Amino acid sequence: MTWDRRHLMDVDGFSASDLTVVLDEAERLRARTEDGRGWLDTLRGQSVALLFLEPSTRTRMSFELAARRIGAETFLFDPGSSSLAKGESFVDTVRNLDAIGFGWLIVRHHRAGAAAVAARHFGGRVVNAGDGWHAHPTQALLDLLTIRRALGVGADLNGRKVAIVGDVLHSRVARSNAISLTAAGADVWLCAPAAWLPGVESLPVNPTSDLDAALRDADIVMGLRVQKERMAGGAVSVGGYVERYGITEERLARLAPAARFMHPGPINEGVEVTREVALGPRSLVLEQVRNGVPVRMAVLALLHGAGMLRSQTASLTAAPTIGR
Ligand code: CP
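Just so you know, these numbers come straight off a predicted model, no measurement behind them.

A. Fine view of the sheet that holds strand S1 (residues 47–52). Spatially, four strands are ordered S2-S1-S3-S4 in an open sheet, and the strand pairing comes out parallel. With one partner strand each, in any of the chains shown, strand S2 (73–76) and strand S4 (125–131) form the two edges of the open sheet. Pairwise comparison of adjacent strand axes, ignoring direction, gives a mean angle of 15° for this sheet. In this sheet, S4 lies alongside strand S3 (residues 104–109) in parallel orientation, the contact comprising five bridges. Pairing of Ile106 across the sheet is with Val127, part of S4.

B. Highlighting the environment of Arg244. Turning to its location among the elements, Arg244 is positioned in helix H8 (residues 238–245). Owing to a relative accessible area of 48%, Arg244 belongs among the partly exposed residues under this scheme. Separated by 102 residues in sequence, Arg244 and Leu142 place their C-alpha atoms 29 Å apart.

C. Up close: the packing of aromatic side chains. Applying the stated criterion across every chain, the model contains three aromatic pairs. When the centroid spacing of 5.3 Å and the interplanar angle of 70° are considered together, the rings of Phe75 and Phe102 count as edge-to-face. Here the residue Phe75 occupies a position in strand S2, and Phe102 occupies one in the loop between helix H3 (90–100) and S3, the gap between them amounting to 27 residues. Centre to centre, the rings of Trp196 and Tyr241 are 5.2 Å apart; their planes meet at 35°, and the pair counts as tilted. Separated by 45 residues along the polypeptide, Trp196 in the loop between strand S6 (187–191) and strand S7 (206–208) and Tyr241 in helix H8 bring together distant segments of the chain. The same class applies to Trp196 as to Tyr241, namely buried. Put simply, the rings of Trp196, Tyr241 and Tyr245 pair up and form one aromatic cluster. Across from the ring centre of Phe14, 4.0 Å away, lies the NZ or CZ of Arg5, which sits over that ring. Sitting over the ring of Phe63, Arg296 keeps its end group 5.1 Å from the ring centre.

D. Fine view of the side chain of His109. Structurally, the position occupied by His109 is in strand S3. Excluding residues within four positions of it along the chain, His109 makes contact with Leu53, Glu54, Phe90, Ala114, Gly130, Asp131, Gly132 and Arg172.

E. Region of interest: the pairing of strand S5 (residues 161–165). Across the five residues that make up S5, a large majority, five, are buried. On S5, burial covers both faces: Lys161, Ala163 and Val165 on one face and Val162 and Ile164 on the other are all buried. The sheet contact formed by S5 and S6 spans five bridges and is parallel. By the bridge assignment, Ile164 is partnered in S6 with Leu190. This β-α-β element, S5 to helix H6 (residues 172–183) to S6, shows right-handed connectivity. Where S5 lies against strand S8 (residues 220–223), four bridges are found, and the strand directions are parallel. Bridge pairing links Val165 to Gly223 in S8.

The rules behind these values
- Residues numbered from 1 in each chain as written.
- Predicted model: local features only at pLDDT ≥ 70, side-chain atom pairs only at ≥ 80, totals over all residues.
- Heavy atoms only, no water.
- Pairing = 2+ DSSP bridges.
- Helix = DSSP H or I, 4+ residues; strand = E, 2+ residues; numbered from the N terminus.
- Axes fitted to C-alpha atoms, helices over the stretch in contact; angles between N-to-C directions.
- Buried < 20%, exposed > 50% of the residue type's maximum accessible area, 1.4 Å probe, protein only.
- Phe/Tyr/Trp six-rings, centres within 6.5 Å; stacked < 30°, edge-to-face > 60°.
- Lys NZ or Arg CZ within 6 Å of the ring centre and 35° of its normal.
- Contact = heavy atoms within 4.5 Å.
- Right-handed = clockwise from strand over helix to strand, strands pointing away.

That's the geometry; what it means functionally is another story.
Dropping the structure here:
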């Protein structure tokens, strides 16, 4: 398989073998960089701008560490002290970062499509670090790596059931995970109150509002952050949600002993999941965070490698014209 992407916007179009390439590269880079084994120079001399216009802890910090571990210099864009605060537009900001000479943009934005807009105005490579309700591709990739390691399975998840429970409607994580987990062969269920399920018809999943059906025989239960701020005047109350959909030890105890709990974070403890489950022996929450660094190293390294391949191909193609 040839990795031929210039940008990473989502996991749409990834085949099982595309996913395997990323995860295998992540494992390879983890082995080469963790536990004091040293840092690499894959991106030596390259400058990565972290353009985060929406709050983030996990994605921002792990992208920064990942980029540095493979040799890049990183620069954190501070929206509050930037000219955005004086009314400059997002597109003009991107154009200016391009003119300054950055080769990479890692974009987090509250609007769906922002990373794709950035890619149209930026000469280097752009990675979507979460755009509105649309996509969060590196979260999906690190979740897949986490599941693969936790279940001790190889390249595919054939026959494994993943139940994603929570605020599906507003979740870019649910959407990207539905696509990548299905491509990897998993049986994906999305479970939420009916008011939070619109829009999933186009996804290759089993939608349900019946938590028992979603959890039955699940290998993985993935909670999603409930966006409390979006419930004001909405059809679902927090109290009603916790009672019907909150992931508790009692609910998890009905699953096979090997079943595990995941959550992309940040967690509303006591809403989508209890503290006991989030910190308990079945929880993979911090393992997900840990896997973010090697997965993001892999994404950066593979995009860089694709660029190298493209320029080699271009010069080979161009060679016959030299001297004419
Ligand atoms: N999972 C995730 O995207 O977390 P952050 O918002 O902290 O980056």
